[in-house]
Amino acid sequence: VQAGVGWQQLNEYLAQQPGLENLMLGCDCGPGAHICGMVNTNASGIGATRYGSMGANIISVKAVLPDGTVIKTKRRPRKTSAGYNLTGLLVGSEGTLAIVTEVTVKLQVRQPYETVAVVQFPTLSDSVQAVSDLFKKGFQFNAIEMLDAKTMECVNKSNQISRNYANVPTLFFKIAGLNKTVVNEYVKELQKIVKLNHC
């Protein structure tokens, strides 16, 4: 893709293409973000839990060096210790080393069924411990977002939500799987662990 393509635009395009409708760019750093900005800042977003930051979703880049030379980095093998990782060097350099003009991105498979679980805790410490316990059990979430008590107060005052929540530390989990049955089993296990952490 060229640098001016937005990640949402790319995902919308893929969703309309026969044979590609289950693919997506997993890095979702915020509405309206463009590929070039995501590369220049090594953007992450809530999907970083599962899909990594932008650097983990790039195969190669085409860029213009300060002297006008156009370079294209190549895909490195998964196991390598030889030579410079030019792609990795350019990602996150904020345009100081080169101007990125084109990116070959890695696409992820979109899971067919997804739900969101909202879990509230009396303390920030409880919420952090719950996430730690969930990862130790092997949970793989599509996304995790934590909002502290003050942020929840702002959310409640925004009039942008369908219900009010308590103004306490809150975790939002995006859980996905092959079907509703699989996801419901994940939710049951999640409930057991977060209850042990005073949710």
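What counts as what
- Per chain, residue numbering runs from 1 following the sequence as it is written.
- Two thresholds apply to this predicted model, a pLDDT of at least 70 for residue-level local features and 80 or more for giving and counting side-chain atom pairs, whereas whole-chain, interface and lining totals are computed over all residues.
- Side-chain calculation: all heavy atoms of the structure are included, whereas hydrogens and water are not.
- We place a 1 Å grid over just the protein atoms. Points where a 1.4 Å probe fits but has no way out form a cavity, open points with protein on both sides within 12 Å along at least 5 of 7 lines form a pocket, and any residue with an atom within 4 Å of a point lines it.
- Grid points are joined across faces, edges and corners, and a volume is the space filled by probe spheres set on the points.
- By definition, any uninterrupted DSSP run of H or I lasting at least four residues is a helix, any uninterrupted run of E lasting at least two residues is a strand, and each is numbered from the N terminus.
- Think of it as three bins: nonpolar holds Ala, Val, Leu, Ile, Met, Phe, Trp, Tyr, Cys and Pro, charged holds Asp, Glu, Lys and Arg, and polar takes everything else, Gly as well.
- We call a set of buried residues a nonpolar core when its members are Ala, Val, Leu, Ile, Met, Phe, Trp, Tyr or Cys and they connect through side-chain atoms within 4.5 Å of each other.
- In this scheme, a residue with accessible area under 20% of its type's maximum is buried, one over 50% is exposed, and one in between is partly exposed, where area comes from a 1.4 Å probe on protein chains only.
- Residue contacts are counted whenever heavy atoms from the two residues lie within 4.5 Å of one another.
- Any carboxyl oxygen of Asp or Glu within 4 Å of a side-chain nitrogen of Lys or Arg constitutes a salt bridge here.

Enquirer: Describe the layout of surface pockets, listing the residues and the values that go with them.
Expert: If you add up the space inside the second largest pocket, you get close to 260 Å³. Taken together, 15 residues make up the lining of the second largest pocket; nearest its centre are Met24, Asp28, Arg110, Glu114 and Lys174. Elements represented by at least two residues in the lining of the second largest pocket include exactly helix H1 (7-15) and strand E8 (170-177). Counted by class, the lining of the second largest pocket contains six nonpolar, five polar and four charged residues.

Enquirer: For the nonpolar core, give the residues involved together with the corresponding values.
Expert: Across soluble globular proteins, nonpolar side chains have a tendency to be buried as a group. Membership of the largest hydrophobic core comes to 21 residues, with the highest contact counts inside it found for Leu25, Ile35, Met38, Val39, Met54, Ile58 and Val103. Among the elements of the structure, H1, helix H2 (35-41), strand E2 (58-64) and strand E4 (99-105) are those that each provide at least two residues to this core. In contact with Ile35, not counting residues within four places along its chain, are Val1, Gln2, Ala3, Val5, Trp7, Leu25, Met54 and Val103. Among the nonpolar cores identified, the runner-up in size contains 17 residues, and Ala117, Val131, Val187 and Ile193 belong to it.

Enquirer: Lay out the pattern of salt bridges with the relevant residues and their values.
Expert: Taken as a whole, this structure holds three salt bridges when the rule is applied. With a closest N to O distance of 3.2 Å, Lys157 and Glu153 form a salt bridge. Note that Lys157 and Glu153 are positioned in helix H6 (residues 149-157) at a spacing of four residues, about one turn of the helix. Note on Glu153: relative accessible area 26%, which makes it partly exposed. Between Lys192 and Glu189 there is a salt bridge; the shortest N-O distance is 3.1 Å. With Lys192 and Glu189 both in helix H7 (residues 180-196) and three residues apart, the pair spans about one turn of that helix.

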